[in-house]
Amino acid sequence: MNRKSFLSALSCALLLAGCATEQRSSLTTVPRRIVTVNGTATEIVAALGLADRIVGVDVTSTYPEPVTRLPKVGHDRNVKAEGVISLQPDLVIGAENQLDAGVVGQLRSAGERVLLFPWQLSVEGAKSTIQRIADSLYVPDRAAALIATIEEDIQGLQPMAAAPKVLFIYARGAGSLMVAGNGTPMHRMIELAGGRNAMGDFDQFKPLTPEALVAADPDAILLFTSGLDGLQGVDGLLAVPGMAQTVAGRNKAFITMDGGMLSNFGPRVGKALVELNTRFRSLTPAP
């Protein structure tokens, strides 16, 4: 082989090696097929510009809208390993203490890569989660813009002369009303936006009773938009036993927000807090 032929062959070999290296790199960096089993994770992955890599979600993943058309693998707390595995993911992302440990074990035994992040109910926690997921997806630099947006958004929070008493109702129709206590995302959002939880004497959720509603006498009722829809609107909420005897009921001080925006503690947490803070400041003072 003459020198010219040798150099040409060497060049081709190096080119092919480079292509192979690039292909291997893509398989060990940004995953091509991601299943998210937590609404916060779904929102973050999409905000990082990787929505097209998501191939399956849990039923709490409702934002951004295109993910609602993806295959569902169950609720974040009752996901079945078989449904996830059938989607052939390169990565499964969920929250610690939500995805069942047995399911996590099954996924890992099947060779699936599983990332579990600590779901922290704070602005700093949201920023930390965004950075952690961005790092795990090999796009660490993309987190900076999302974090900067949160920091810019929360500058819109304004102090309040007095913290309104706010009651969050999780409504799944008139026959199923739960109220949020300590340790819930809604409790933390109410506090961070300048209010106080009217039902802060218990943990997590419990059924709403007329007696408890009247005793709490909230200044405002907070619901998911879907919750108010399930109650057939304002008239349905006013018909809840005890509601008419509260300050919130008399003033029709009902606040609705998108469920994911209010509870995810993801990229929209700053916007959610400012919106809630604005609504709190617009409440009619209690008589």
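The structure under discussion appears in the preceding block.
Position labels on residues start from 1 in each chain and follow its written sequence. In view of the model being predicted, local features appear only for residues whose pLDDT reaches at least 70, and side-chain atom pairs are presented and counted only at 80 or more, with totals across whole chains, interfaces and linings using the full set of residues. To get the side-chain values, take all heavy atoms of the structure and skip hydrogens and water.

Chemist: So what's going on with the overall build of the protein chain? Which residues, and what values?
Modeler: When its secondary structure is counted, the protein chain shows 13 helices and 10 strands. Taken across its 287 residues, the protein chain has 46% of its residues classed as buried. Here, residues are in contact when the closest pair of their heavy atoms is within 4.5 Å. The long-range fraction of contacts in the protein chain, counting pairs at least 24 apart against all pairs at least 6 apart in sequence, stands at 59%. Computed with the Shrake-Rupley method and a 1.4 Å probe, the accessible areas treat only the protein chains shown as cover for residues. For the protein chain, the exposed surface amounts to about 13,900 Å²; the carbon and sulfur share of it is 54%. A helix here means a DSSP run of H or I that spans at least four residues, while a strand means a run of E at least two residues long, and both kinds are numbered starting from the N terminus. Categorising residues by exposure relies on relative accessible area from a 1.4 Å probe, with only protein chains included: less than 20% of the type maximum marks a residue as buried, more than 50% marks it as exposed, and the intermediate range marks it as partly exposed.

Chemist: Could you give an account of the layout of surface pockets, naming the residues involved and the relevant values?
Modeler: Only protein atoms enter the calculation, which uses a 1 Å grid: trapped sets of points that fit a 1.4 Å probe without letting it out are cavities, open sets showing protein on both sides within 12 Å along at least five of seven lines are pockets, and any residue with an atom within 4 Å of a point is a lining residue. Grid points are joined across faces, edges and corners, and a volume is the space filled by probe spheres set on the points. In this model, the largest pocket occupies a volume close to 860 Å³. Every residue lining the largest pocket is counted, 31 residues in all, and those nearest its centre are T60, H75, M186, F224 and S263. Of all the elements in the fold, those that place two or more residues in the lining of the largest pocket are helix 2 (39-50), helix 7 (185-192), helix 9 (225-230) and helix 12 (259-263). Top contributing element to the lining of the largest pocket by residue count: helix 12, with 3 residues. Of the residues that constitute the lining of the largest pocket, the class distribution is 9 nonpolar, 17 polar and 5 charged. Gly counts as polar in this scheme, as do all residues outside two lists: the nonpolar Ala, Val, Leu, Ile, Met, Phe, Trp, Tyr, Cys and Pro, and the charged Asp, Glu, Lys and Arg.

Chemist: So what's going on with unusual backbone geometry? Residues and values would help.
Modeler: Residue P64 follows Y63 across a cis peptide bond; omega there is -5°. Even without glycine at this site, D217 takes up a positive phi of about 45°. Note on placement: D217 falls in the loop between helix 8 (210-216) and strand 9 (220-224). For D217, a relative accessible area of 24% gives the class partly exposed.

Chemist: Could you give an account of the packing of helix 2 against helix 5 (residues 123-136), with specific residues and numbers?
Modeler: Note on geometry: axes are lines fitted to C-alpha atoms, helical ones only across the stretch in contact, with angles between N-to-C directions running from 0 to 180 degrees. Where helix 2 meets helix 5, the axes come as close as 10 Å, and the angle between the chain directions of the two elements is 65°. Where helix 2 crosses over helix 5, the two elements pack in a sense that is right-handed. Between helix 2, through A41, I44, V45 and L48, and helix 5, the contact on the second element is made entirely by T129, I130, I133 and A134. By definition, turning the near helix anticlockwise from the far helix through less than a right angle yields a left-handed crossing, and turning it clockwise yields a right-handed one.

Chemist: Kindly report on the side chain of S136, identifying the contributing residues and their values.
Modeler: Looking at the element boundaries, S136 is found in helix 5. Not counting the four nearest positions on each side in its chain, S136 is found in contact with R113 and L115.

Chemist: Let's hear about the pattern of salt bridges: which residues, and what values?
Modeler: The salt bridge definition used is simple: a Lys or Arg side-chain nitrogen within 4 Å of an Asp or Glu carboxyl oxygen. Inspection of every chain in the model, using the stated rule, returns 7 salt bridges. Between R268 and E43 there is a salt bridge; the shortest N-O distance is 2.7 Å. Here R268 is found in the loop between helix 12 and helix 13 (269-281), whereas its partner E43 is found in helix 2, with 225 residues between them in sequence. Like R268, the residue E43 is buried in the burial classification. Between K127 and E124 there is a salt bridge, with its nearest N and O atoms 2.8 Å apart. Linking K127 with E124, this pair stays in helix 5, spanning 3 residues, or about one helical turn. What makes K127 buried here is its relative accessible area of 10%. Each of E43, D258 and R268 takes part in salt bridges that share partners, so that together they form one network.

Chemist: Mind laying out the nonpolar core, listing which residues take part and the relevant values?
Modeler: Within soluble globular proteins, side chains that are nonpolar generally end up buried alongside one another. Buried Ala, Val, Leu, Ile, Met, Phe, Trp, Tyr and Cys residues that are joined via side-chain atoms within 4.5 Å together make up what is termed a nonpolar core. Of all hydrophobic cores here, the largest spans 49 residues; its most connected members are I93, I133, L137, L262 and L276. For I133, the contacting residues outside a window of four places in its chain are A41, I44, V45, L48, I93, L115 and F117. Core analysis: the next-biggest nonpolar cluster, separate from the first, contains 20 residues, L177, V179, V240 and M243 among them.

Chemist: Go over the environment of L238, please, and point to the residues and values.
Modeler: By the element assignment, L238 lies in helix 10 (residues 234-238). Excluding its chain neighbours within four sequence positions, the residues that come into contact with L238 are M243, A244, G249, K252 and F254.

Chemist: Give me the pairing of strand 6 (residues 177-180): which residues, what numbers.
Modeler: DSSP-based pairing: two strands are paired if at least 2 bridges between them are found. Both strand 5 (residues 165-171) and strand 6 contribute to a ladder of 3 bridges, which runs antiparallel. Within strand 6, the residue paired with A171 across the bridge is L177. Looking at chain direction, strand 6 and strand 8 (residues 205-207) are connected through 3 bridges and run antiparallel. From the neighbouring strand, V179 faces strand 8, where its bridge partner is K206.

Chemist: If you had to explain the packing of helix 7 against helix 13 to someone new, which residues and values would you point to?
Modeler: At their nearest, the axes of helix 7 and helix 13 sit 9 Å apart, and the two run at 65° to each other. Every pair of crossing elements has a handedness; the one defined by helix 7 and helix 13 is right-handed. Together, M189, I190 and L192 of helix 7 and V269, A272, L273, L276 and F280 of helix 13 make up the contact between the two elements. Its residues placed into classes, the contact of helix 7 with helix 13 shows 8 nonpolar, no polar and no charged.

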